[in-house]
Amino acid sequence: MTAYDIVKKPVITEKTEILRRDYNKYTFEVSPKANKVEIRKAIETIFNVKVESVATINVKSVTKRHGMKLYKTQAKKKAIVKLAAGNTITYFAEV
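Predicted model only: the values in this text are computed from it and were never measured.

## Structural notes on the overall build of the protein chain
When its secondary structure is counted, the protein chain shows three helices and six strands. Along the chain direction, N to C, the helices and strands of the protein chain fall in the order α-β-α-β-α-β-β-β-β. Its C-alpha atoms give the protein chain principal-axis dimensions of roughly 50 × 35 × 20 Å. Counting all 95 residues of the protein chain, 31% fall into the buried class. Taking as baseline every contact in the protein chain between residues at least 6 positions apart, the subset at least 24 positions apart corresponds to 56%.

Listed below in structure tokens is the structure:
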């Protein structure tokens, strides 16, 4: 599994922007099979930064309704990555 298979996409919401701005933490959607060590190595490889810590969250699927039809959302895994002081990821644009 390559680094790009592990890290799928960044999660950009109001809450993650506050984490990024105030605490130097970045949030990504990652592969459900990836562990914290693999996520750390992938982020360090892709963005050339030093990772201080990694927290993971498993988001379960939810049953939703659209009219009479029921469906389930897809389960996801998110990772909140705290970078060492002085490191930033330039992929995220300043607002």
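## Structural notes on unusual backbone geometry
For Asn 24, which is not a glycine, the phi torsion comes out positive at approximately 60 degrees. Backbone geometry places Asn 48, a non-glycine residue, at a positive phi of 55 degrees. As for its placement among the helices and strands, Asn 48 is situated in the loop between helix 3 (36–47) and strand 3 (51–59). Its relative accessible area of 67% is what places Asn 48 among the exposed residues.

## Looking at the nonpolar core
Of all hydrophobic cores here, the largest spans 17 residues; its most connected members are Phe 28, Ile 39, Ile 43, Val 81 and Leu 83. Counting only elements with at least two residues in this core, the list comes to helix 1 (3–6), strand 2 (25–30), helix 3, strand 3 and strand 6 (76–83).

## Regarding the environment of Glu 29
Mapped onto the fold, Glu 29 is located in strand 2. A residue is classified by how much of its surface remains accessible, and Glu 29, at 13% relative accessible area, is buried. Sequence spacing of Glu 29 and Lys 9 is 20 residues, and the spatial spacing of their C-alpha atoms is 5.4 Å. Excluding anything up to four places from it in sequence, Glu 29 contacts Ile 6, Val 7, Lys 8, Lys 9, Val 11, Lys 76, Lys 77 and Lys 78.

## Thoughts on the pattern of salt bridges
This model, assessed by the stated rule, comprises three salt bridges. Between Glu 29 and Lys 9 there is a salt bridge whose closest N-O contact spans 3.9 Å. With Glu 29 in strand 2 and Lys 9 in strand 1 (residues 7–10), the pair connects residues that are 20 residues apart, well separated along the chain. The exposure class assigned to Lys 9 is partly exposed, which follows from its relative accessible area of 46%. Ionic pairing is found between Glu 17 and Arg 20, a salt bridge with its closest N-O pair at 2.8 Å.

Rules used in this analysis
- Residues numbered from 1 in each chain as written.
- Predicted model: local features only at pLDDT ≥ 70, side-chain atom pairs only at ≥ 80, totals over all residues.
- Heavy atoms only, no water.
- Helix = DSSP H or I, 4+ residues; strand = E, 2+ residues; numbered from the N terminus.
- Buried < 20%, exposed > 50% of the residue type's maximum accessible area, 1.4 Å probe, protein only.
- Contact = heavy atoms within 4.5 Å.
- Core = buried A, V, L, I, M, F, W, Y, C linked by side-chain atoms within 4.5 Å.
- Salt bridge = Lys/Arg side-chain N within 4 Å of Asp/Glu carboxyl O.

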